Amino acid sequence: MRPEGADNPAPQRMSRRLRRALELISLFAVVFMAAAAALLFQGAFGQQVDRDLERMTRAIAVGYESAAIQDPESLADYLPGSPLRLTLIDTDGTVLFDSDHRDESDMDNHLTRPEIAQALESGQGHSVRESPTLGQETHYYALRLESGQVLRLAEDTNSLWSSYNQVLPLLVGGGLVAILASAVLAAVFTRRLVEPITRMADHLETIEDNVPYVELIPLAHTIQSDRSLRENNEAMRREFTANVSHELKTPLTSISGFAELLETGMAKPEDVPVFGKRIHSEAGRMIRLVSDILELSQLDGMQAGADQPPAFAPVELSTLLRDVASTMTMNAKKAYVTLRYEGDPVTVQGSRDMLTELVTNLCDNAIRYNRPGGQVVLRCGPAGDGGAYVQVEDNGIGIPQDAQDRVFERFFRVDKSRSKATGGTGLGLAIVKHIAVLHGARIELHSTVGTGTTIRVNFPGGGTEDKTV
Ligand code: ADP
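Residues numbered from 1 in each chain as written. Predicted model: local features only at pLDDT ≥ 70, side-chain atom pairs only at ≥ 80, totals over all residues. Heavy atoms only, no water.

1. As for the site of the ligand
Then, in step 1: Neighbouring residues of the ligand: 20 residues in total, closest R368, Y369, S419, T425 and G426.
Then, in step 2: At 3.2 Å, a backbone N or O of G428 approaches an oxygen atom of the ligand.
Then, in step 3: L429 places a polar main-chain atom, nitrogen or oxygen, 2.8 Å from an oxygen atom of the ligand.
Then, in step 4: Protein chains shield 97% of the accessible area of the ligand, which is 530 Å² for the free molecule. (Near = heavy atom within 4 Å. Polar contact = N/O pair within 3.5 Å; in protein donor to acceptor, adjacent residues only side chain to side chain. Areas by Shrake-Rupley, 256 points an atom, 1.4 Å probe, with all protein chains shown as cover.)

Okay, structure coming up:
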């Protein structure tokens with residue numbers, strides 16, 4: 001669920017993004033391949049032209065040099081009607097013969113031509129120059145003869161761009177076919193890739209068993225655990241509602257019954273005060289229950305982050321114990337239980353009201369689940385690492401081993417009738433647990449049936465020993 005007002009971008013279609021990426025890759029590949037192929041072919045073609053020119057020039061040179069009389073004009077017989085151009089240049093750069101020119105005398109000195117200069121120096125030379133004809137280039141090969149003169153053969157070839165122009169329609173056509181084919185393949189591939197992901201949502205309860213890709217395992221794990229957590233929460237909520245309704249129904253039924261007896265006049269006059277007292281005590285039980293439920297719901301809200309917890313301030317625990325002990329003295333007396341407190345002054349960061357409630361609940365239990373003549377001791381003091389503890393000890397009836405883990409659950413009671421008879425709601429320890437969690441404290445419970453119970457709440461560091469109080 002997206003939080004309202006958050007300006008997150010709208011979700012995109014994964015299949016479309018994938019398809020686009022694949023199409024772009026294939027387009028890039030086609031264009032890159034076409035350009036690379038053209039460059040490579042042009043290079044290879046040029047080399048081939050150079051090799052052919054060299055072979056032919058050498059053949060003509062052998063023929064020319066082996067003739068009895070070396071007449072430049074005889075060179076015209078070597079390549080009759082050929083588009084190749086043959087030139088003979090003298091050692092001083094004068095053109096002695098050129099197959100493209102009738103009159104060589106008006107041709108400029110060729111010494112500056114790179115291939116001629118190279119040939120004069122090292123025996124052979126070649127070069128490529130742009131041809132006067134548009135879109136063409138001329139390859140030259142020059143060979144120094146034994147006489148020192150240079151024989152040069154030249155051929156015009158299409159330049160890269162003009163050859164490209166010729167094959168362009170074919171290239172574009174081929175490229176389009178390739179792009180179209182890759183678009184179809186991309187669509188098929190994308191569908192195949194995305195389909196298992198969309199199918200995952202069909203069976204959320206077994207999502208972890210049907211993960212199509214390793215990368216999705218953490219997501220599936222989160223979804224499944226979140227789902228079971230929500231199912232658990234839902235089950236707990238239903239159980240809690242059922243318990244609350246049941247707990248409220250019992251006193252309400254009694255109240256309604258007694259009220260009916262009074263209303264119809266069926267109660268004997270001497271029973272009226274008795275019934276009135278019962279109605280009063282059942283109503284009191286309901287009030288305690290409702291206020292405990294409200295308290296738990298507030299603590300739930302704080303723990304879930306929905307409600308703001310009260311501001312924490314330094315709370316001195318030994319004074320708090322003294323106050324609780326004095327409030328509970330009457331209750332202890334009524335139950336023939338002695339109540340005392342002892343402990344070193346120690347301060348923790350917390351809510352005074354909540355901590356008073358925590359100690360009161362523990363002390364109340366220690367009195368109610370005790371025996372006449374029993375005793376309750378409230379203790380507090382500094383603990384390791386700058387922490388602190390609060391402890392409530394009794395030598396009462398104790399909690400059986402198998403129930404010790406469950407006493408902090410809502411409405412769990414070891415002995416339901418004793419709890420109710422002593423005014424219990426079954427929520428006291430659940431409230432204690434919540435308050436401890438909100439203070440980052442840990443609860444330890446030690447209990448033996450028939451010997452007694454000790455519940456210790458350990459507060460984390462940050463609590464400071466306070467010698468002045
Ligand atoms: P209740 O309102 O029933 O006391 P609590 O949540 O405070 O509910 O406690 C849950 C149950 O744990 C009690 O019903 C009781 O059986 C057991 N219990 C709690 N504290 C003690 C204690 N000090 N000695 C023995 N049993 C206890």
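2. A few points about unusual backbone geometry
Then, in step 1: The residue D385 is not glycine, and still its phi comes out positive at about 60°.
Then, in step 2: Looking at the element boundaries, D385 is found in the loop between strand 9 (375-383) and strand 10 (387-394).
Then, in step 3: A positive phi angle, near 70°, is found at F411, a position not held by glycine.
Then, in step 4: Residue position: F411 is located in the loop between strand 10 and helix 8 (416-421).
Then, in step 5: Owing to a relative accessible area of 8%, F411 belongs among the buried residues under this scheme. (Helix = DSSP H or I, 4+ residues; strand = E, 2+ residues; numbered from the N terminus. Buried < 20%, exposed > 50% of the residue type's maximum accessible area, 1.4 Å probe, protein only.)

3. Here we look at helix 2 (residues 114-122)
Then, in step 1: Among the residues of helix 2, those classed as buried are E115, I116 and A119. Angularly, the buried residues of helix 2 cover 100° about the axis, an arc narrow enough to put them on a single face. Structural note: helix 2 exposes E121 and S122 on the side pointing more than 90 degrees away from its buried face.
Then, in step 2: For helix 2, the secondary structure elements touched by its buried residues are strand 1 (85-89), strand 3 (124-130), strand 4 (136-144) and strand 5 (150-158). (Arc of directions from axis to C-beta. Contact = heavy atoms within 4.5 Å.)

4. Topic: the nonpolar core
Then, in step 1: The biggest cluster of nonpolar side chains holds 52 residues, and the ones touching the most others in it are L317 and F459.
Then, in step 2: Take this core: its biggest share by element is eight residues, from helix 7 (residues 352-368).
Then, in step 3: Not counting residues up to four positions away in its chain, the partners in contact with L317 are V346, V348, L355, C380, A388, Y389, V390 and F459.
Then, in step 4: V49, L88, F97 and L151 belong to the second largest nonpolar core, which has 15 residues in total. (Core = buried A, V, L, I, M, F, W, Y, C linked by side-chain atoms within 4.5 Å.)

5. Overview of the sheet that holds strand 7 (residues 338-343)
Then, in step 1: With respect to topology, five strands assemble into an open sheet ordered 7-9-10-12-11, the strand pairing being mixed. One side of each edge strand has no neighbouring strand; the edge strands of this open sheet are strand 7 and strand 11 (442-448). In this sheet, neighbouring strand axes are inclined to one another by 10° on average, regardless of whether the strands run parallel or antiparallel.
Then, in step 2: The pairing of strand 7 with strand 9 spans six bridges and is classified as parallel. For E342, the partnering residue across the bridge sits in strand 9 and is R379.
Then, in step 3: Sheet strands in contact with helix 6 (residues 317-334) are strand 7, strand 9, strand 10 and strand 12 (452-459), and its direction is about 175° off that of strand 7.
Then, in step 4: Its contacts with the sheet put helix 7 on strand 7, strand 9, strand 10 and strand 12, and the angle it makes with strand 10 is roughly 25°. (Pairing = 2+ DSSP bridges. Axes fitted to C-alpha atoms, helices over the stretch in contact; angles between N-to-C directions.)

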